[in-house]
Amino acid sequence: MKNNPIIIAIDTSCDDTSVAITQGNKVLSNIIASQTELHRPYGGVFPTVAKQAHKENIDPTTQIALKRAGKKLEDIDFVAVTQGPGLAPSLEVGIKFALDLAKKINKPLIPINHIEGHVLSPLAKAKTFSETKIEQSFPVLSIVISGGHSQFILIKEIGNYEILGTTIDDACGECLDKVGRMLDLGYPAGPIIEKLAMTGDPNKYKFPLPMTTSKDYNLSFSGIKTFARNLIEKINQNEGMNKTQTIDFCASFQKAVFRHISYKLSKILHDYEIREIWLGGGVASNIDLRKNIRQTIKKFEKNKVANGTQQTNQKIIFRAPYTKKLCADNGAMIGVTAFYKVLKRNSSGFTKEASIDRKPNWKIDCL
Ligand code: KG4
Ligand code: ZN
């Protein structure tokens, strides 16, 4: 088997159709046919609309991905596809396409867990092959924060995952989108809130910090969401929400959301010996979230030294995807994950005629 196999990777887990070509952990192309405009009127993803759009987009997206990478189907060594979790009708389109393609080019098919894709997305490279030496990285804490998921995952090694905490209600991005809808900001609201928050006063409105009495590492965003709804109603009943208030509201609300994540992260860092933190998922492109995580790491390292508990000079390394495109749902993270599977199992571990079914609720600790 080649050292750095060329993989065509397909993700149709939710609303975007993505096809990527990867070589080792290098991204040759990563094409995303966005459906955002189609779902905007619904304020969320409408499954039957998503399925139809995937069907229409998948072939042209594949052609563009190959062209952009400068590759032909004959160059491909493996086909990788998201098997789950995700919306069943959406997953179905990508899986069927991948099965047919693998058969057509007579190459093995590698089914991939979408969350594992987000988890390993910080390992994707723009230029060099396999440059990241990860053997010394573990245990790693992965933070996956997206519109559908919010999880803390302990990576003991690649392929061996333990979910330390998960949201017990809304996902973080879902909460951002829902509150954005209350403010009529447009969909998806996460990046809009980020932009508005940049010039706002994060201390103008005092939001609660959830789950401080629970000992676990779970997250909960519904309390912040309800507080936001009540506050918006109150402001509207009084003077009404003007531009400055909206901006200050966004800054305060975003601060509350990320403070909650940082609070639970501190707890994990206190209880576990973590060498690296890897961030993934749509919300991972938020600069303020990254800043919050870096500050939490710094504070933790300082406290360790102050308490005399620092045994080694080991710093906690923070990695996030090198581009925003790798944070959102995309094929490249699926290709890179498939590459690490190939490395572990070598090519004989994959069947040439795999018949796989979608797994809409597939958890990362059940690989
Ligand atoms: O990973 P993703 O593309 O899809 C899911 O698997 O959910 O994540 C989409 C979510 C949306 O909720 C969107 O509002 C949020 O990620 N998002 C952001 C930013 N960019 C996307 N949230 C905060 N700041 C951003 N810059
Ligand atoms: Zn995702």
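K.L.:
What should I look at first to understand the sheet that holds strand 8 (residues 160-166) in this one?
P.N.:
Strand pairing in a sheet takes place through backbone hydrogen bonds and is either antiparallel or parallel in direction. Pairing in this open sheet of five strands is mixed, and the strands run 8-7-6-9-10 from one edge to the other. Two strands close off the open sheet at either side, each with one partner strand: strand 8 and strand 10 (317-319). Pairwise comparison of adjacent strand axes, ignoring direction, gives a mean angle of 20 degrees for this sheet. Pairing geometry for strand 7 (residues 150-157) and strand 8, over six bridges, is antiparallel. By the bridge assignment, Q151 is partnered in strand 8 with T166.

K.L.:
Could you clarify how one ought to interpret the nonpolar core in this entry?
P.N.:
Counting residues in each nonpolar core, the largest one holds 51 residues, and the members touching the most others are F249, F253 and I277. Residue assignment for this core shows that the elements contributing at least two residues are strand 6 (140-145), strand 7, helix 5 (172-182), helix 6 (190-197), helix 7 (222-237), helix 8 (243-271), strand 9 (276-280) and helix 9 (287-306). A total of twelve residues in this core trace back to one element, the largest contributor, which is helix 8. What I277 contacts, discounting residues up to four positions off in sequence, is L141, I143, L265, L269, I293, I297, I316, I317, F318 and R319. Counting residues in hydrophobic clusters, the runner-up holds 32 residues, among them A9, L123, I334 and I364.

K.L.:
When you look at the side chain of H118 in this model, what are you seeing that I'm missing?
P.N.:
Within the secondary structure layout, H118 lies in helix 4 (residues 114-120). Accessibility expressed as a relative area gives 0% for H118, which makes it buried. When sequence neighbours within four positions are dropped, the list of residues in contact with H118 reads V144, G280, G281, C327, A328, D329 and M333.

K.L.:
Where do I start with the coordination of the zinc ion (ligand 2) in this structure?
P.N.:
Under ideal tetrahedral coordination, the four donors around a metal are separated by 109.5 degrees; under ideal octahedral coordination, the six donors are separated by 90 or 180 degrees. With distances of 2.1 to 2.2 Å, the protein atoms coordinating the zinc ion (ligand 2) are H114 (NE2), H118 (NE2) and D329 (OD). What the four donor atoms of the zinc ion (ligand 2) show is an angle range of 86 to 137 degrees at the metal, which sorts the shape as irregular. Mapping the donors of the zinc ion (ligand 2) onto the primary sequence gives the spacing H-x3-H-x210-D. With H114 and H118 both in helix 4, this residue pair falls four residues apart, about one helical turn. Each member of the pair, H114 as well as H118, carries the same accessibility label: buried.

K.L.:
Mind showing me how you'd approach the pairing of strand 1 (residues 6-11) here?
P.N.:
The side chains of a regular strand alternate, residue by residue, between the two faces of the sheet. Counted residue by residue, strand 1 has six buried out of six residues, so it is predominantly covered. By the alternation rule, side chains of strand 1 split into I6, I8 and I10 and I7, A9 and D11, which are all buried. For strand 1 and strand 2 (residues 17-23), the ladder comprises six bridges, and the chain directions are antiparallel. Across the sheet, the residue bridging to I8 is I21, located in strand 2. Between the end of strand 1 and the start of strand 2, which pair antiparallel, lie five residues. Examined bridge by bridge, strand 1 and strand 4 (residues 78-84) share four bridges and lie parallel to one another. From the neighbouring strand, I8 faces strand 4, where its bridge partner is V79.

About the thresholds
- Residues numbered from 1 in each chain as written.
- Chains lettered and ligands numbered in written order.
- Predicted model: local features only at pLDDT ≥ 70, side-chain atom pairs only at ≥ 80, totals over all residues.
- Heavy atoms only, no water.
- Pairing = 2+ DSSP bridges.
- Helix = DSSP H or I, 4+ residues; strand = E, 2+ residues; numbered from the N terminus.
- Axes fitted to C-alpha atoms, helices over the stretch in contact; angles between N-to-C directions.
- Core = buried A, V, L, I, M, F, W, Y, C linked by side-chain atoms within 4.5 Å.
- Buried < 20%, exposed > 50% of the residue type's maximum accessible area, 1.4 Å probe, protein only.
- Contact = heavy atoms within 4.5 Å.
- Donors = N, O, S within 2.8 Å, 3.2 Å for Na, K, Ca; no water.
- Tetrahedral: all angles 85-135°; square planar, octahedral: opposite > 155°, others 65-115°.

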